[in-house]
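Geometric and topological summary
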Amino acid sequence: MERRYIRKALLLCFAGLLSSCGENGSQAVEEQSLPTVTVGVAARRDVDQASTFTGTIEAQVSNNIAPQSPARIGRIYVEVGDRVKKGQKLVEMDGANLAQAKVRMENDKAEFERADELYRIGGTSKSEWDARKLAYDVSRTNYDNLSENTVLLSPVSGVVTARNYDSGDMYSAASPILTVEQIRPVKLKVNVSEVLFTKVKKGMEVDVTTDVYGDRRFKGHVGIVYPTIDPATRTFPIEVRIDNADESVRPGMFARVELTHEVADRVVIPDRAVVKQTGSGDKYVYIVRGGKAQFVKVELGRRMDALYEVISGVEEGDTVVVTGQTRLNDGMEVEIVE
């Protein structure tokens, strides 16, 4: 009997020792398994304040090429996409009317010259001289006008963007024969919030991006600031011009204009500190306070290379987690490593 009690006592002691060892071992493992993170410190710096507006690229000049009156088209010398120079011959209309006008002008010129000689020697009246002079002036004007409308020249250097007829067609006023657009430079009009009315000035430089070229930035400047505000939208239009020396930007492209209008003192953090919430557009950071990581929602402004401007959620001097966020939960103890 006594032996049995001794054996039970020994077993109980052994179990207690095992339990004690297990707790100590668990604590040791827990201490060793604290998630490690690297951190950065939120600081203040001057940040350009910019606003983004959208619009559609337009040609600087768009010219419709057509004669003043319906006529048959003799020949079209260009195709869509061709680059043309100012003064280049684009279209030649049927020349029958021009030939008739030339004959009439030459006849009237000869009649006027004869009347002029007679008038000098008193062989005709002033009224006759005036009549011959008027007839010659009218026919000459008609010829000059037909000349301009028979051989159609490009008024600008640019690109042919539309062709609506073929050689031999009868031109009607329904649509122009060709459209030529000047795309060096190009322009776009955007509507800007009225709160920026006193801050936007003619000549200000802007950055322009397009969906076609992704992050590529094109330099432009404010060419026109419209003087009135639309009371319905509380915006005012501005016209932005882009030099477009390589003609990469084309009319019709969707574009974004980034307008820098002032500089502000802001808190900035490393871009790697930002955590995007899955399923929403919300953004967060982990801030280390008292050895624990706190999950904090932030409002961000501009991204500048490897930094983000912070509008709210982080204060100057806060320690933010830069790497190791994937292993963290709100309130979890962390170990900071270099």
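Let me begin by describing the structure that accompanies this report. Since the structure is predicted, the reported quantities are computational estimates derived from the model, not experimental observations.

1. Some points on the side chain of S248
Here S248 lies in the loop between strand 13 (235-242) and strand 14 (254-270). The contact partners of S248, leaving out residues within four places of it in the chain, are Y213, R216, F218 and M253.

2. With respect to the packing of aromatic side chains
The description of an aromatic ring pair rests on the distance of the ring centres and on the angle between the ring planes. As enumerated under the stated definition, the model contains 8 aromatic pairs in all. The rings of F112, Y119, W129 and Y136 are connected pair by pair, giving a single aromatic cluster. Over the face of the ring belonging to Y213 we find R216, whose NZ or CZ atom lies 5.4 Å from the ring centre.

3. Considering the environment of R132
Within the secondary structure, R132 sits in helix 3 (residues 126-150). Accessibility expressed as a relative area gives 32% for R132, which makes it partly exposed. C-alpha separation for the pair R132 and E111, spaced 21 residues apart in sequence, amounts to 6.6 Å.

4. What to know about the sheet that holds strand 7 (residues 151-153)
Here 4 strands make up an open sheet; going across it, the order is 7-6-4-9 and the pairing antiparallel. This sheet does not close on itself; its edge strands, each paired only once, are strand 7 and strand 9 (170-171). Pairing of strand 4 (residues 71-76) with strand 9, which is carried by 2 bridges, proceeds in the antiparallel orientation. Within strand 9, the residue paired with A71 across the bridge is Y171. Across the sheet, helix 3 is in contact with strand 6 (89-93) and strand 7; its angle to strand 7 comes to roughly 65°.

5. Thoughts on the pattern of salt bridges
In this structure the tally under the stated criterion is 25 salt bridges. With a shortest N-O distance of 3.5 Å, D282 and K297 are connected by a salt bridge. Taken as a pair, D282 in the loop between strand 15 (275-276) and strand 16 (283-289) and K297 in strand 17 (residues 292-304) lie far apart in primary sequence, 15 residues in all. By relative accessible area, which is 28% here, D282 ends up partly exposed. Residue class for K297 comes out partly exposed when judged on its relative accessible area of 48%. What you see here is one network of salt bridges that share partners, running through D207, R217, K219, E258 and R302.

Each value, and the rule that gives it
Residues numbered from 1 in each chain as written. Predicted model: local features only at pLDDT ≥ 70, side-chain atom pairs only at ≥ 80, totals over all residues. Heavy atoms only, no water. Helix = DSSP H or I, 4+ residues; strand = E, 2+ residues; numbered from the N terminus. Contact = heavy atoms within 4.5 Å. Phe/Tyr/Trp six-rings, centres within 6.5 Å; stacked < 30°, edge-to-face > 60°. Lys NZ or Arg CZ within 6 Å of the ring centre and 35° of its normal. Buried < 20%, exposed > 50% of the residue type's maximum accessible area, 1.4 Å probe, protein only. Pairing = 2+ DSSP bridges. Axes fitted to C-alpha atoms, helices over the stretch in contact; angles between N-to-C directions. Salt bridge = Lys/Arg side-chain N within 4 Å of Asp/Glu carboxyl O.

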